[in-house]
Amino acid sequence: MIPLTDTHCHLASHKFPAEELESLVANAREAGVTRLVTLGTSTDDCPRQIEIAKQFPGTVFACIGIHPCDVTETTDGWDEHLLCLIEQNPDQVVAIGETGLDYFHPAPEGWTDEAYHQRQRDLLRRHFEIAEQTGRNIVIHTRDRSGKQSLDDALEIARDFAGKVRPLFHCFLGPTENADPIFEIDGIVSFTGIASFKGKNAHDTRQAATHVPLDRIMVETDAPYLAPEPHRGKRNEPAFVRHTADAIAHLRGLTTDEIATATNLVADGFFRFPSTF
Ligand SMILES: [Zn+2]
């Protein structure tokens, strides 16, 4: 069994009590998931991601950033804070994120949609600058109520950094052609458990997981959210990324080992995991 990398999870989530982390990582290893990337979403939880990475050296790696749904809670100086954390923990911080644009959730009390989305775009651009400055790539979340305005707007910012910072559009939902402008700037997409869902709503995601080039995809859980079949609706955990890899292998007529080999190669290139500990 070739090991897999869960390229996106949130191990600092309140749904994963600290005392459970050992068993979560052990479950993952048992399922042949030997590398986990845990992502920060706020100034508060970024240091925690690094602590967890230090607790599991060579297995857990951290990304730090401000989630678009957290931008209004974020005060000036957040960028200096991130830069400091990267400088102090160069072996743990393998990319910048989770950042991005979320036009799905309504603006918080006291904010217009316009001001809220502009604040998200401003912070996304600043994350790109931090990524460029620190020689790292960037993990992006986009979400709309309908259409793909958040993807288009994120791409517009990403294009200004093309050739310098590679964007990973996580939890890619399809359809396949939405990935074309991402690939034009050397970007990557990653698939969650949604690629394992059978219903009509997941059609575009299954189609994309079947057809986008193998050298541009990764697999992820987004745990504790989005558990793949057969755990759909339950709390997700890194071990379950294997079900997503199985589902994509099945869609493409390949073995899970072939998916593991291909997606690990992409993950290595993107995160450039430090190899010595
Ligand atoms: Zn996430």
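Residues numbered from 1 in each chain as written. Predicted model: local features only at pLDDT ≥ 70, side-chain atom pairs only at ≥ 80, totals over all residues. Heavy atoms only, no water.

*Asks:* Before we go on, may I ask you to explain the overall build of the chain in this structure?
*Replies:* Tallying secondary structure elements over the chain gives nine helices and eight strands in all. Scaling as 2.2 N^0.38, a compact globule of 277 residues should have a C-alpha radius of gyration of about 19 Å, and the chain matches this with 17 Å. On the principal axes, the C-alpha backbone points of the chain span a range of 45 × 40 × 35 Å. For the chain, the proportion of its 277 residues judged to be buried stands at 56%. The long-range fraction of contacts in the chain, counting pairs at least 24 apart against all pairs at least 6 apart in sequence, stands at 74%. Of the accessible surface of the chain, which amounts to about 11,900 Å², a share of 49% is contributed by carbon and sulfur atoms. Averaged over its 26 positive side-chain charges, the chain has a centre that lies 4 Å from the centre of its 42 negative ones. (Helix = DSSP H or I, 4+ residues; strand = E, 2+ residues; numbered from the N terminus. Rg over C-alpha atoms; globule rule 2.2 N^0.38 Å. Buried < 20%, exposed > 50% of the residue type's maximum accessible area, 1.4 Å probe, protein only. Contact = heavy atoms within 4.5 Å. Areas by Shrake-Rupley, 256 points an atom, 1.4 Å probe, with all protein chains shown as cover. Lys, Arg positive; Asp, Glu negative; His and termini not counted. Charge placed at Lys NZ, Arg CZ, Asp CG, Glu CD.)

*Asks:* Can you help me understand the side chain of S150 in this one?
*Replies:* With respect to the helices and strands, S150 occurs in helix α5 (residues 149–159). Of the residues examined, S150 reaches a relative accessible area of 0% and is grouped as buried. Only 2.6 Å separates the side chain of S150 from the side chain of D144, close enough to count as a polar contact. Those residues within four positions of S150 in sequence are excluded, and the remaining contacts are L101, Y103, T142, R143 and D144. (Polar contact = N/O pair within 3.5 Å; in protein donor to acceptor, adjacent residues only side chain to side chain.)

*Asks:* Can you help me understand the layout of surface pockets in this one?
*Replies:* In this approach a probe as big as a water molecule rolls over the atoms, and the regions it shows empty are the leftover space. In this structure, the largest pocket encloses a volume near 630 Å³. H67, H141, R143, D222 and Y225 are, among the 23 residues lining the largest pocket, the residues nearest its centre. Residue assignment for the lining of the largest pocket shows that the elements contributing at least two residues are β4 (93–102) and β5 (138–143). The element that contributes the greatest number of residues to the lining of the largest pocket is β5, accounting for three residues. Of the voids in this model, the second largest pocket is the one considered here, and its volume is about 500 Å³. (1 Å grid on protein atoms, 1.4 Å probe; cavity = no way out; pocket = protein on both sides within 12 Å on 5 of 7 lines; lining within 4 Å. Points joined across faces, edges and corners; volume = space filled by probe spheres on them.)

*Asks:* Looking at this model, I keep getting lost on the coordination of the zinc ion. Mind explaining?
*Replies:* Ideal donor angles around a metal are set by the shape: a four-donor tetrahedron calls for 109.5 degrees, a six-donor octahedron for 90 or 180 degrees. Looking at the zinc ion, one finds its protein donor set to be H8 (NE2), H10 (NE2), E98 (OE) and D222 (OD), positioned 2.1 to 2.5 Å from the metal centre. Given four donor atoms and angles of 84 to 175° at the metal, the environment of the zinc ion is assigned as irregular. Of note, the zinc ion draws all its donor residues from one chain, in the sequence arrangement H-x1-H-x87-E-x123-D. Pair noted here: H8 is in strand β1 (residues 4–9) and E98 is in strand β4, with a separation of 90 residues, a long-range link. Across the pair, exposure class does not vary: H8 and E98 are buried alike. (Donors = N, O, S within 2.8 Å, 3.2 Å for Na, K, Ca; no water. Tetrahedral: all angles 85-135°; square planar, octahedral: opposite > 155°, others 65-115°.)

*Asks:* How should the UniProt feature "binding site: a divalent metal cation 1" (unreviewed entry) in the chain be read in this particular structure?
*Replies:* The UniProt entry lists H8, H10, E98 and D222 under the feature "binding site: a divalent metal cation 1" (unreviewed entry), expressed in the numbering used here. A maximum C-alpha distance of 10.9 Å is found for the annotated residues, which run over 215 residues; spatially they form one tight group. Of the residues annotated just before, the largest pocket has H10, E98 and D222 among its lining. Residue E98 is classed as buried on the basis of its relative accessible area of 2%. (UniProt positions renumbered as here; feature names shortened; annotations may be inferred.)

*Asks:* What's the story with the sheet that holds β4 in this structure? I'm lost.
*Replies:* The strands that make up a sheet pair up through hydrogen bonds in the backbone, lying either parallel or antiparallel. The eight strands are arranged β1-β2-β3-β4-β5-β6-β7-β8 in an open sheet whose pairing can be described as parallel. Every other strand in the sheet has two partners, leaving β1 and β8 (217–219) as the edge strands with one partner each. Sheet twist, expressed as the mean angle between neighbouring strand axes with direction ignored, is 30°. Against the sheet, helix α8 (residues 241–252) contacts β1, β2 (33–39), β7 (188–191) and β8, and its axis sits at roughly 140° relative to β8. Of the strands in this sheet, β1, β2, β3 (60–64), β4, β5, β6 (167–169), β7 and β8 touch helix α9 (residues 256–271), which is tilted by about 100° from β8. (Pairing = 2+ DSSP bridges. Axes fitted to C-alpha atoms, helices over the stretch in contact; angles between N-to-C directions.)

*Asks:* Just to check I follow, could you spell out the packing of aromatic side chains for this structure?
*Replies:* Both the distance between ring centres and the angle between the ring planes are used here to describe each pair of aromatic rings. Per the stated rule, a full pass over the model turns up five aromatic pairs. Aromatic pair F128 and F161: ring centres 4.9 Å apart, planes at 20°, arrangement stacked. Remark: F161 occurs in the loop between α5 and β6 and F128 occurs in helix α4 (residues 113–134); sequence separation between them is 33 residues. Chaining the aromatic ring pairs together yields one cluster made of F61, F270, F271 and F273. Across from the ring centre of F104, 3.6 Å away, lies the NZ or CZ of R143, which sits over that ring. Its end group placed over the ring of F197, R232 keeps NZ or CZ at 3.7 Å from the ring centre. (Phe/Tyr/Trp six-rings, centres within 6.5 Å; stacked < 30°, edge-to-face > 60°. Lys NZ or Arg CZ within 6 Å of the ring centre and 35° of its normal.)

*Asks:* What's the story with the environment of E156 in this structure? I'm lost.
*Replies:* Summarising the element assignment, E156 is placed in helix α5. Once the C-alpha coordinates of E156 and M1 are considered, the two residues, 155 residues apart in sequence, prove to be 40 Å apart.

*Asks:* Got a minute to help me understand the pattern of salt bridges in this structure?
*Replies:* When charged atoms on two side chains of opposite charge get close, those side chains can pair. Within this structure, the stated rule accounts for 11 salt bridges. Among the salt bridges present, the one from D79 reaches R126, with a minimum N-O distance of 2.7 Å. Here D79, found in helix α3 (residues 78–88), pairs with R126, found in helix α4; they are 47 residues apart in sequence, far enough to count as distant. Judged by its relative accessible area of 14%, D79 falls in the buried class. Within the structure, one salt-bridge network assembled from shared partners comprises D79, R126 and E129. (Salt bridge = Lys/Arg side-chain N within 4 Å of Asp/Glu carboxyl O.)

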